[in-house]
Amino acid sequence: MSWKNEFSVGIQALDGEHKKIINMINALDGAIGRPEEQRIVQQSLSAMADYVGRHFRAEEDAMHLAGYKLLEPHRKTHNDFTAVVMGLARRKNLEAVELQQILVNWLTEHILKIDKDYAESVSTWMNALKRQH
């Protein structure tokens, strides 16, 4: 998966976090077909869950401070994804390529449809803060 300009939410810090998630997904390429694939998949899932949890908190904090009206439904999508990751972590014999596909599909859908929705509110709030200082 590669970063595309259409993924940008216009907020440098959050775009940077999305790029890091893409890099984590791409790192699974090295596990495909290797004897230690299962161990690498589990380590990747653990790292992904940890990082994504921090990312979700950062997004939600920004949305809250910006007064974004759809924070709760957005938070639900984050909670739902966290549950998916936890379920994947319990699976035995999860292949790296399957995990990649699940993550790519979710991330693409989430950024392009759900995250794009908060971008204007959070950007407006951040710009107002900059003007105050």
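Just so we're clear, the structure is a prediction, and the values are computed from it rather than from any experiment.

Aromatic rings in a pair are described by how distant their centres are and how their planes are angled relative to each other. On inspection of all chains with the given rule, the structure shows four aromatic pairs. With a centroid separation of 5.7 Å and an interplanar angle of 65°, the aromatic rings of Trp3 and Phe7 are classed as edge-to-face. The class of Trp3 is partly exposed, set by a relative accessible area of 25%. For Phe7, a relative accessible area of 2% gives the class buried. An aromatic cluster is defined as three or more aromatic residues linked by ring pairs; in this entry it consists of Phe56, Phe81 and Trp106. Above the ring of Tyr51, the side-chain terminus of Lys20 is found at 5.4 Å from the ring centroid.

Here we come to helix H4 (residues 96–132). Taking 1.5 Å as the rise per residue, H4 with 37 residues should run 54 Å; its terminal C-alpha atoms sit only 47 Å apart, a clear shortfall. The largest bend along H4 measures about 45° and falls at Asp115. What H4 keeps buried is the set Ala96, Leu99, Gln100, Leu103, Leu107, His110, Ile111, Asp115, Tyr118, Ala119, Val122 and Ser123. Where H4 is buried, its residues meet helix H1 (12–27), helix H2 (37–66) and helix H3 (71–90).

Conventions and cut-offs
- Residues numbered from 1 in each chain as written.
- Predicted model: local features only at pLDDT ≥ 70, side-chain atom pairs only at ≥ 80, totals over all residues.
- Heavy atoms only, no water.
- Phe/Tyr/Trp six-rings, centres within 6.5 Å; stacked < 30°, edge-to-face > 60°.
- Buried < 20%, exposed > 50% of the residue type's maximum accessible area, 1.4 Å probe, protein only.
- Lys NZ or Arg CZ within 6 Å of the ring centre and 35° of its normal.
- Helix = DSSP H or I, 4+ residues; strand = E, 2+ residues; numbered from the N terminus.
- Expected span 1.5 Å × (residues − 1).
- Bend = angle between axes of the 7 residues up to and from the residue.
- Contact = heavy atoms within 4.5 Å.

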